[in-house]
Amino acid sequence: MKQIGHLCELRALEFIDETGIDALAVCIGNVHGKYPATGPNLRLDLLRELHNLCSKKGVLVVLHGSLGLSEKLIKECIERGVTKFNVNTEVRKAGKDLLHVMSNAKEAMKAVVAEKTHLFGSAGKA
């Protein structure tokens, strides 16, 4: 496994040097979307190595696929150098929930306006 980590470090270093990036999204077993029932299997040892390399170059470490990671695992990632977590799935889900609520509120408001329009004798007079 160490050789895989070393290869990852060499490739990351090459990528950093060639692109001049200021943040690197690492792949340490994280996935976009939901994790399997067995849960996430993050390579925290590799994360530490990649962070050490990145910090020497002034590059921040980013982790995609944080949906389903426990608070404990998030903290372990922070301790090992992750400075940014992408949480798009959770934010979009919250937005969809809000849109559903807003849609229901809009329909309720339309019903009140229609009722008052009839009550005031204004229906059909616009």
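Everything quoted here is computed from the prediction, not taken from an experiment.

Observations regarding the overall build of the protein chain
So, point 1. Secondary structure summary: the protein chain contains four helices and three strands in total.
So, point 2. Starting at the N terminus and walking to the C terminus, you meet the elements of the protein chain as α-β-α-β-α-β-α.
So, point 3. For a compact globule of 126 residues, the expected C-alpha radius of gyration is about 14 Å, and the protein chain comes in at 24 Å, more than 25% above that figure.
So, point 4. Dimensions of the protein chain, computed from C-alpha atoms along their principal axes, come out at roughly 80 × 35 × 20 Å.
So, point 5. Counting every position in the protein chain, which comprises 126 residues, the buried fraction comes to 25%.
So, point 6. Once local pairs closer than 6 in sequence are excluded, the contacts in the protein chain between residues at least 24 apart make up 59%.
So, point 7. In the form shown here, the protein chain has an accessible surface area of approximately 9,000 Å², with 60% of it arising from carbon and sulfur atoms.

Observations concerning the layout of surface pockets
So, point 1. The calculated volume of the largest pocket comes to roughly 190 Å³.
So, point 2. Along its surface, the largest pocket is lined by Cys8, Arg11, Ala12, Phe15, Leu24, Ala25, Val26, Cys27 and Leu50.
So, point 3. In terms of residue count, the dominant contributor to the lining of the largest pocket is helix α1 (residues 2–19) (four residues).
So, point 4. Grouping the constituent residues of the lining of the largest pocket by class yields eight nonpolar, no polar and one charged.

What to know about the nonpolar core
So, point 1. Grouped together as the largest cluster of nonpolar side chains are 20 residues, with contacts concentrated most on Leu24, Val26, Ile28, Leu42, Leu47, Leu63 and Cys77.
So, point 2. Residue assignment for this core shows that the elements contributing at least two residues are α1, β1 (23–26), α2 (44–57), β2 (60–63) and α3 (71–79).
So, point 3. Sorting elements by how many residues they give to this core places α2 first, with six residues.

Thoughts on the sheet that holds β1
So, point 1. Here three strands make up an open sheet; going across it, the order is β1-β2-β3 and the pairing parallel. Because the sheet does not close on itself, it has two edges, and the strands there are β1 and β3 (82–85). Mean inter-strand twist for the sheet, computed between neighbouring axes without regard to direction, equals 40 degrees.
So, point 2. In terms of strand pairing, β2 meets β3 through three bridges, oriented parallel. Opposite Val61, over in β3, you have Val82 as the bridge partner.
So, point 3. Of the strands in this sheet, β2 and β3 are in contact with α3, which crosses β3 at around 130 degrees.

What about α2?
So, point 1. End to end, α2 covers 20 Å across 14 residues, agreeing with the expected 20 Å (1.5 Å per residue, within 8%).
So, point 2. When α2 is considered as a whole, its buried residues turn out to be Leu44, Leu46, Leu47, Glu49, Leu50, Leu53 and Cys54.
So, point 3. One or two positions beyond α2, positive phi appears at Gly58, with a value near 75 degrees.

Here's the deal with the pairing of β2
So, point 1. Pairing geometry for β1 and β2, over four bridges, is parallel. Considered in β2, the bridge of Ala25 is made with Val62.

Focus: the state of the cysteines
So, point 1. This structure, assessed with the given rule, holds zero disulfides.
So, point 2. Unpaired in this structure, Cys77 has its nearest cysteine sulfur neighbour in Cys27, at a distance of 12 Å.
So, point 3. Since its relative accessible area comes to 0%, Cys77 is described here as buried.

Examining helix α4 (residues 88–119)
So, point 1. Taking 1.5 Å of rise per residue, 32 residues should cover 46 Å, and α4 covers 46 Å from first to last C-alpha, within 8% of that figure.
So, point 2. Among the residues trailing α4, Gly121 stands out with phi positive, at a value near 75 degrees.

Reading the values: the criteria
- Per chain, residue numbering runs from 1 following the sequence as it is written.
- Residue-level local features of this predicted model are given only where pLDDT is at least 70; pairs of side-chain atoms are given and counted only at 80 or more, and the full residue set underlies all totals for whole chains, interfaces and linings.
- Note: side-chain values were computed over all heavy atoms of the structure, leaving out hydrogens and water.
- A run of DSSP states H or I qualifies as a helix once it reaches four residues; a run of E qualifies as a strand once it reaches two. Both are numbered from the N-terminal end.
- As defined in this context, the radius of gyration uses C-alpha atoms, and a globule is described by 2.2 Å times the residue total to the power 0.38.
- Partly exposed describes any residue whose relative accessible area lies between the buried limit of under 20% and the exposed limit of over 50%, with all areas from a 1.4 Å probe on protein chains only and scaled to the type maximum.
- We call two residues in contact when some of their heavy atoms are within 4.5 Å.
- Accessible surface is estimated by sampling points in the Shrake-Rupley manner with a 1.4 Å probe; for residues, cover comes only from the protein chains shown.
- Here a cavity denotes grid points, spaced 1 Å and computed from the protein atoms alone, that fit a 1.4 Å probe unable to get out, and a pocket denotes an open set having protein on both sides within 12 Å along at least 5 of 7 lines; residues with an atom within 4 Å of a point are the lining.
- Grid points are joined across faces, edges and corners, and a volume is the space filled by probe spheres set on the points.
- Note that Gly is not counted as nonpolar here; it falls among the polar residues with everything else outside the nonpolar set of Ala, Val, Leu, Ile, Met, Phe, Trp, Tyr, Cys and Pro and the charged set of Asp, Glu, Lys and Arg.
- Take the buried residues of types Ala, Val, Leu, Ile, Met, Phe, Trp, Tyr and Cys, join any two whose side-chain atoms come within 4.5 Å, and each joined set is a nonpolar core.
- Whether two strands pair comes down to DSSP finding at least two bridges between them.
- Only C-alpha atoms enter the line fits that serve as axes; for helices the fit covers just the stretch in contact. Angles between N-to-C directions range over 0 to 180 degrees.
- Multiplying 1.5 Å by the residue count of a helix minus one yields the expected span of that helix.
- Our working definition of a disulfide is a cysteine sulfur pair at a distance within 2.5 Å.

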